[in-house]
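The lines below spell out each chain.
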Amino acid sequence: MTDKTHRRDFIKQASAVTAAASIAPFAIGAPRGRRALETINLGVVGTGGRGTGACNDSLTINDNVRLVAMGNLRADKARDKRDQLREVHGAKVAVEDSRIYGGLEAYEAVIDDPEVDCVLLTTSPGFRPWHIQRAVEAGKHVFAEKPVCLDAAGWHACQAAQAKAEAQGTAIVTGTQYRRQQNYTQAIKHIQDGMIGEPISGTARYCSTGIWYRDREEGMTDAEYQLRNWMHFTWLSGDQICEQAVHNIDVMNWVFGNPESCYAMGGRFTRPVDSEMWDNMSVDYAYPGGKMVSFRCRQVPGTKTDVDNVIYGSEGIAYIKAINGGSRIVDRNGKELYSERGNIGAAYRQEHKDLVDSIVAGKPIVEVDQTADSSLTAAMGRESAYSGMPVTWEFMTEESEQDTFKHGLTLDTPMEPREPAVPGRYPLT
Ligand SMILES: NC(=O)c1ccc[n+]([C@@H]2O[C@H](COP(=O)([O-])OP(=O)(O)OC[C@H]3O[C@@H](n4cnc5c(N)ncnc54)[C@H](O)[C@@H]3O)[C@@H](O)[C@H]2O)c1
């Protein structure tokens, strides 16, 4: 048996054991029980832009939720966000000072808080699979922002979490809001119903003019700096293709299934010197049945912004535009067959309504496997670009041992930025 086959078998066995063990319900840390709840108590881990946004979305759309606990690297920032949310949502924001937790252990305090039924996991992405795993082990319902993993190890953790959550009856809804955006769901239903004939190929783009960079403040440790400027460190963001463009990749997987392989290239011209990110990547994804998707992402000042998806079929073309750009389907002569406006704000709220409704109904949605597949598809493109080699889905799911997360991290862990990947020298692991 080769090392790789051995590891493959080990991973399968480990997932099976985790799933089987999870059948014994209500084991750990589910103090309010996993019964169908009428009021859901939320706890949030990561109270930055999206964490606060997710709390606001859930509190806005759901009458039967309360926010009861908050965790963040800096507790003072979480307190400020609590006060802002309270101004809008009043008594639904029931977070006492004693339920605001700070530091790298804050996630455990929120997850293990006996009042919390459902945790919103909205830190930088590197933590996500491990926070999901911990929350599911504690028997909590989960909302997990995208991407949900950045490498093979995170993907396996998500698959195991899916199995355990299904077995114990807890929810995991993910922050791929386009799956709940009306102009996306309708356009893709039309595609699935044959409006463009046989879907054959697609283009997916996440090209923009740039992204934030957060300077190192005086006195910060290496870890504090990387956690603050997380976008630029690939163990935390996965690079742009994972952090942002997973949205478009998720749409392509929705239409074509998971890809079989990919071949990619790219580079960097404009990044700050200590950023590990590339600033452009192009990936050809090969899907089952010989279907191809051309993907590009780019963050370069002064360039064209283009964040849209196009699906080409034997009898028509579907344009599905990001944010509020709407959808439009035409036949091969350009005659419009369907069009609809976009409303991303409604989609951000809908994911929280679906999550809460599913818990209340006792039929929890568990969808982290789907988002893990799309997240790994993004990581597959990155690994192909970084290495300069074609990469297969089989390699990513069955052979790769890549685990980029810094397990055992403390705020004093010394760390240097990694040299940006150089194709031909960067190994596939
Ligand atoms: N679905 C969407 O359209 C969408 C939009 C924006 C962001 N996001 C995603 O949301 C996530 C957060 O992005 P953001 O823009 O809010 O980032 P942010 O930098 O504004 O916030 C991240 C917060 O998490 C905290 N944090 C980091 N590590 C932590 C840890 N281990 N424990 C506790 N707190 C921790 C930080 O202190 C910070 O407050 C990312 O995964 C991003 O991709 C999704």
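In this text the structure is predicted, and so the values were computed from the model without any measurement.

The rules behind each value
Residues numbered from 1 in each chain as written. Predicted model: local features only at pLDDT ≥ 70, side-chain atom pairs only at ≥ 80, totals over all residues. Helix = DSSP H or I, 4+ residues; strand = E, 2+ residues; numbered from the N terminus. Rg over C-alpha atoms; globule rule 2.2 N^0.38 Å. Buried ≥ 20, exposed ≤ 12 C-beta atoms within 10 Å, placed from the backbone. Contact = placed C-beta atoms within 7 Å. Pairing = 2+ DSSP bridges. Right-handed = clockwise from strand over helix to strand, strands pointing away. Expected span 1.5 Å × (residues − 1). Axes fitted to C-alpha atoms, helices over the stretch in contact; angles between N-to-C directions. Left-handed = near helix turned anticlockwise from the far one by under 90°. Nonpolar A, V, L, I, M, F, W, Y, C, P; charged D, E, K, R; others polar. Near = placed C-beta within 6 Å. pLDDT = per-residue confidence, 0-100.

**Points about the overall build of the protein**
Counting its regular elements, the protein contains 14 helices and 15 strands. The C-alpha radius of gyration of the protein comes to 21 Å, within 12% of the 22 Å expected for a compact globule of 429 residues. Its C-alpha atoms give the protein principal-axis dimensions of roughly 60 × 50 × 50 Å. Here the protein holds 429 residues, and the buried ones make up 47% of them. Taking the contacts inside the protein whose residues are at least 6 apart along the sequence as the reference set, 75% of them involve residues at least 24 apart.

**Examining the pairing of strand β2 (residues 65-72)**
Where burial is concerned, most of β2 is hidden: seven out of the eight residues are buried. Bridging between strand β1 (residues 40-45) and β2 involves six bridges; their strand directions are parallel. Within the sheet, the bridge partner assigned to L42 lies in β2 and is L67. Handedness of the crossover is the feature at issue here: the chain leaves β1, passes through helix α2 (residues 49-61), returns alongside β2, and the resulting connection is right-handed. With respect to chirality, the unit in which β2 leads through helix α3 (residues 75-89) into the neighbouring parallel strand β3 (residues 100-102) is right-handed.

**What about helix α13 (residues 368-387)?**
Over its 20 residues, α13 extends 28 Å from the first C-alpha to the last, a length consistent with the 28 Å expected when each residue adds 1.5 Å. Of all the 20 residues making up α13, 17 are buried; the element is thus mostly covered by neighbouring parts of the structure. A positive backbone phi angle near 80 degrees is found at G388, which sits one or two residues after α13.

**Quick look at the packing of α2 against helix α12 (residues 344-360)**
Two numbers describe how α2 lies on α12: the axes approach to 8 Å, and their chain directions differ by 65 degrees. Here α2 and α12 pass one another in a crossing that is right-handed. Here D57, S58, T60 and I61 of α2 come into contact with α12, specifically with Y348, R349, H352, K353 and V356. Here the contact of α2 with α12 is built from residues that sort into three nonpolar, three polar and three charged.

**A short note on the sheet that holds strand β8 (residues 261-267)**
Strand order in the open sheet formed by nine strands is β14-β13-β12-β11-β7-β10-β9-β8-β15, and the pairing between neighbours is mixed. The sheet is open, and its two edges are formed by β14 (336-340) and β15 (391-392), each paired on a single side. As judged from the five bridges shared by strand β7 (residues 199-208) and strand β11 (residues 309-313), these two strands associate in the antiparallel manner. Bridging across to β11, T203 finds its partner in V310. Lying over the sheet, helix α11 (residues 246-256) contacts β7, β9 (280-287), β10 (291-299), β11 and β12 (316-321), oriented at roughly 170 degrees with respect to β7. Along the sheet face, α13 touches β8, β9, β10 and β15 and points at about 60 degrees away from the line of β8.

**Let's talk about the site of the ligand**
The environment of the ligand is formed by 26 residues, the closest being G46, G48, R50, L73 and T123. Secondary structure elements with two or more residues in the shell around the ligand: α2, β2 and α4 (106-112). When the residues that make up the shell around the ligand are grouped by side-chain class, the tally is eight nonpolar, 12 polar and six charged.

**So, α11**
With 11 of 11 residues buried, α11 lies mostly within the body of the structure. What α11 keeps buried is the set V246, H247, N248, I249, D250, V251, M252, N253, W254, V255 and F256. With its phi angle positive at about 85 degrees, G257 sits one or two positions after the end of α11.

**With respect to the confidence of the model for the protein**
When the pLDDT values of the protein are averaged, the result is 92; 91% of them are 70 or greater. Of the regions scoring below 50 in pLDDT, residues 1-31 engages in 35 contacts with residues more than four places distant in sequence or in other chains.

**Regarding the sheet that holds β1**
Across the sheet, six strands lie side by side as β3-β2-β1-β4-β5-β6; this open sheet has parallel pairing. Each edge of the sheet is formed by a strand with only one pairing partner; in this case those strands are β3 and β6 (172-174). Strand after strand, the sheet turns through a mean of 20 degrees between neighbouring axes, direction not considered. Relative to β6, strand β5 (residues 141-144) runs parallel, the two being bridged by three bridges. What sits directly across from A144, in β6, is T174. The sheet strands contacting α3 are β2 and β3, and the helix crosses β2 at an angle near 160 degrees.

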